[in-house]
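This is what each chain is made of:
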Amino acid sequence: MAKISASVYTSHVPAIGAAIDLKKTGEAYWQPLFAGYEYSKQWMKENTPDVIFLVYNDHATAFSLDFIPTFAIGTAAEFIPADEGWGPRPVPKVIGHPELASHIAQSVIQDDFDLTIVNKMEVDHGLTVPLSLMFGEPDAWPCKVIPFAVNVVQYPVPSGRRCFQLGQAIRKAVESYDDDIKVQIWGTGGMSHQLQGARAGLINAEWDNRFLDRLIADPADLAQMPHIDYVREAGSEGIELVMWLIARGAMADVNGGAKPTVKHRFFHVPASNTAVGHLILENN
Amino acid sequence: MALDKPYTDVPGTIIFDADQSRKGYWLNQFCMSLMKAANRERFKADERAYLDEWPMTEEQKQAVLARDLNWCMRTGGNIYFLAKIGATDGKSFQQMAGSMTGMTEEEYRDMMIKGGRSAEGNRYLGENGDAQPQNQPQGAAGKKKD
């Protein structure tokens, strides 16, 4: 039986990818940020899963205004890093797990979550930056990845509550897969940031840290928070944080199991326009 | 019934909803085309001619030519789409975001290094934070324009 072993949460700021690709990680500006992921890279080496179910948002890359799926699961055999306008990131292509992805789609859709199934999709920094942060710069990603894209670009975006419920359905789906494999679920994006208008540059470190506290200790309550609170307190792009609730909803304690162990917690301001938050929670 | 919009009283912020998306459809789709290197080259070679291939409004074209991202957003642009214009110009997200505040690049970068813009006074229209309409433009870049 497949098992969710852990969940990982991280911001996916594009400038972090650029810093890695342009060999700037040792610069004074970036050093404190990357230092916060040293433990994580070591942990990943010791806890490499078979598959990562990677929740992220597409930033007007695979999905233009032609199609705006609320939840899209990548069922392809591979996913190519996209050219977002600066040229594609020089990172390995992403190898999918079509069998598990299709199994999850079937289970979750029959559980009343109407996913969009995507057989061809390029992936942007939202997916590749977390991989770079956790794995460094390997020639090939050391495990398979199922991309799961959430619309947080055009309103209405899904509620935190819906995301949290979806995470629970994903856990159930993974645990009903016959092969004996280890799956991690990652929630990415955030934390507080706003990329637009006179309010650009908004950061709310106090709110972010309370979000981390609540995500660990009482995610069901956190999931009730309405969108407008994210916008007001964490900036218009802070809404990405609803995606963290999908990963958190897939953890065992939400279904009556043991509380997860907090293996790592990190917070840093700034990376470009953004507050960076990072957690590793292990199931027990 | 009209769309419920609980987010219109946040200062300095335009939420990209269905109304904005409808208004900005061709502007944003033009931006998407810049994800291809060949299109970036054609755009850079003759911006006006390239824009004229799209059924955008004249105002949207002027906003793009002026590289005024606030103006682009008012006409329906979304930052993740507009970022393709910045990428074509070799700009970072920080340079793009900063350009919407009236600050110079250095001023904006310094604000971020010092912990970013505070939410205090910037949660609701009618307060007096630095993102409020009565306190624009911020910084030296905006003031130079006056």
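It should be emphasised that the depicted structure is a prediction, and the values quoted were computed from it without experimental measurement.

Draft legend 1. Summary view of the sheet that holds strand S10 (residues 274-282) of chain A. Residues and elements named next belong to chain A. Spatially, eight strands are ordered S6-S3-S7-S2-S8-S1-S10-S9 in an open sheet, and the strand pairing comes out mixed. In this open sheet, the two strands that pair with only one neighbour each are strand S6 (116-118) and strand S9 (261-271). Taking the axes of each pair of neighbouring strands and ignoring which way they run, one obtains an average angle of 20° across the sheet. Across the sheet, helix H10 (residues 242-249) touches strand S1 (3-10), strand S2 (51-56), strand S3 (71-74), strand S7 (144-150), strand S8 (182-188) and S10, and the angle it forms with S8 is around 160°.

Draft legend 2. View of the interface of chain A and chain B. Taken together, the contact between chain A and chain B spans 41 residues of the former and 55 residues of the latter. Between chain A and chain B the total buried area reaches about 3,900 Å² when both faces are included, carbon and sulfur atoms providing 59% of it. Interface area lost by chain A to chain B is led by A:Leu65, A:Trp86 and A:Arg232, which between them contribute 17%. Across the chain A-chain B interface, the total number found is three salt bridges. When the shortest N-O distance is used, the salt bridge between B:Arg40 and A:Asp83 registers 2.9 Å. At the junction of chain A with chain B, the criterion picks out 31 residue pairs in polar contact (both at pLDDT 80 or more).

Draft legend 3. Broad picture of the environment of A:Gly126. Residue and element names in this part refer to chain A. Along the chain, Gly126 falls in helix H5 (residues 125-135). On the basis of relative accessibility, which here comes to 0%, the residue Gly126 falls in the buried class. Sequence separation of Gly126 and Asp58 is 68 residues, and the distance between their C-alpha atoms is 6.5 Å. Residues contacting Gly126, with those up to four places away along its chain left out, are His12, Leu54, Tyr56, Asn57, His59 and Thr188.

Draft legend 4. Spatial organisation of the packing of aromatic side chains. Across all of its chains, the model carries 22 aromatic pairs over all chains by this definition. Summarising the aromatic geometry, the rings of B:Phe30 and B:Trp54 are spaced 6.4 Å apart at their centres and angled 70° between planes, so their arrangement reads as edge-to-face. Of this pair, B:Phe30 sits in helix H2 (residues 25-33) while B:Trp54 sits in the loop between helix H4 (47-51) and helix H5 (58-65), and the two are 24 residues apart along the sequence. Residue classification places B:Phe30 among the buried residues on the basis of a relative accessible area of 0%. A relative accessible area of 19% means that B:Trp54 is categorised as buried. Among the aromatic residues, ring-to-ring pairing joins B:Tyr25, B:Trp26, B:Phe30, B:Phe43, B:Tyr50 and B:Trp54 into one connected group. Here the guanidinium or amino end of B:Arg109 rests over the ring plane of A:Tyr29, the centre of that ring lying 4.8 Å away.

Draft legend 5. Seen up close, the packing of helix H7 (residues 205-217) of chain A against H10(A). Residues and elements named next belong to chain A. The contact between H7 and H10 brings their axes to 10 Å, and the two run at 25°. The angle between H7 and H10 places the two elements in the roughly parallel class. By crossing handedness, the relation of H7 to H10 is classed as right-handed. In this structure, H7 uses Phe211, Leu212, Leu215 and Ile216 to contact H10, whose residues at the interface are Trp244, Leu245 and Arg248. When the residues that make up the contact of H7 with H10 are grouped by side-chain class, the tally is six nonpolar, no polar and one charged.

Draft legend 6. Summary view of the nonpolar core. Residues and elements named next belong to chain A. Counting 68 residues, the largest nonpolar core has Phe53, Phe148, Phe211 and Ile246 as the members making the most contacts within it. Per-element tally for this core: the top contributor is helix H6 (residues 160-175), with seven residues. Excluding residues that lie within four positions of it along the chain, Phe53 makes contacts with Ile73, Ile104, Ile146, Phe148, Ile170, Val183, Gln184, Ile185 and Trp186.

Draft legend 7. Looking closely at the side chain of A:Asp83. Tracing the backbone shows A:Asp83 in the loop between strand S4 (78-79) and strand S5 (94-95). There is a polar contact of 2.8 Å between the side chain of A:Asp83 and the backbone nitrogen of A:Gly85. Among the polar contacts listed, one links the side chain of A:Asp83 to the backbone nitrogen of A:Gly87, at a separation of 2.9 Å. Excluding its chain neighbours within four sequence positions, the residues that come into contact with A:Asp83 are A:Pro88, A:Glu122, B:Met35, B:Ala37 and B:Arg40.

Draft legend 8. Quick peek at the confidence of the model for chain B. The pLDDT averaged across chain B works out to 94; a share of 97% of its residues lies at or above 70. Our summary of model confidence lists the complex with pTM equal to 0.97 and ipTM equal to 0.95.

Draft legend 9. Examining the environment of A:Pro226 more closely. Residues and elements named next belong to chain A. Relative to the helices and strands, Pro226 resides in the loop between helix H8 (219-222) and helix H9 (227-234). By relative accessible area, Pro226 is classed as partly exposed at 41%. The spacing of Pro226 and Asn284 is 58 residues in sequence and 30 Å in space, taken between C-alpha atoms.

Draft legend 10. Looking closely at the pattern of salt bridges. Residues and elements named next belong to chain B. Taken as a whole, this structure holds 25 salt bridges over all chains when the rule is applied. The salt bridge involving Arg67 is made with Asp89; its shortest N-O contact spans 2.6 Å. In this pair, Arg67 sits in the loop between H5 and helix H6 (69-74) while Asp89 sits in the loop between helix H7 (79-88) and helix H8 (93-99), placing the two residues 22 residues apart along the sequence. Arg67 gets classed as partly exposed once you look at its relative accessible area, which sits at 26%. Its salt-bridge partner being Arg117, residue Asp130 comes within 3.0 Å of it at the nearest N-O pair. With Asp130 in the loop between helix H9 (105-113) and helix H10 (139-145) and Arg117 in the loop between H9 and H10, this pair connects stretches of sequence that are 13 residues apart. Residue class for Arg117 comes out buried when judged on its relative accessible area of 1%. Bridged by salt links that share partners, the residues Lys5, Asp17, Asp19 and Arg22 form one connected network.

About the cut-offs
Residues numbered from 1 in each chain as written. Chains lettered and ligands numbered in written order. Predicted model: local features only at pLDDT ≥ 70, side-chain atom pairs only at ≥ 80, totals over all residues. Heavy atoms only, no water. Pairing = 2+ DSSP bridges. Helix = DSSP H or I, 4+ residues; strand = E, 2+ residues; numbered from the N terminus. Axes fitted to C-alpha atoms, helices over the stretch in contact; angles between N-to-C directions. Contact = heavy atoms within 4.5 Å. Buried area = accessible area lost by both parts, 1.4 Å probe. Salt bridge = Lys/Arg side-chain N within 4 Å of Asp/Glu carboxyl O. Polar contact = N/O pair within 3.5 Å; in protein donor to acceptor, adjacent residues only side chain to side chain. Buried < 20%, exposed > 50% of the residue type's maximum accessible area, 1.4 Å probe, protein only. Phe/Tyr/Trp six-rings, centres within 6.5 Å; stacked < 30°, edge-to-face > 60°. Lys NZ or Arg CZ within 6 Å of the ring centre and 35° of its normal. Parallel < 35°, antiparallel > 145°, perpendicular 65-115°, else oblique. Left-handed = near helix turned anticlockwise from the far one by under 90°. Nonpolar A, V, L, I, M, F, W, Y, C, P; charged D, E, K, R; others polar. Core = buried A, V, L, I, M, F, W, Y, C linked by side-chain atoms within 4.5 Å. pLDDT = per-residue confidence, 0-100.

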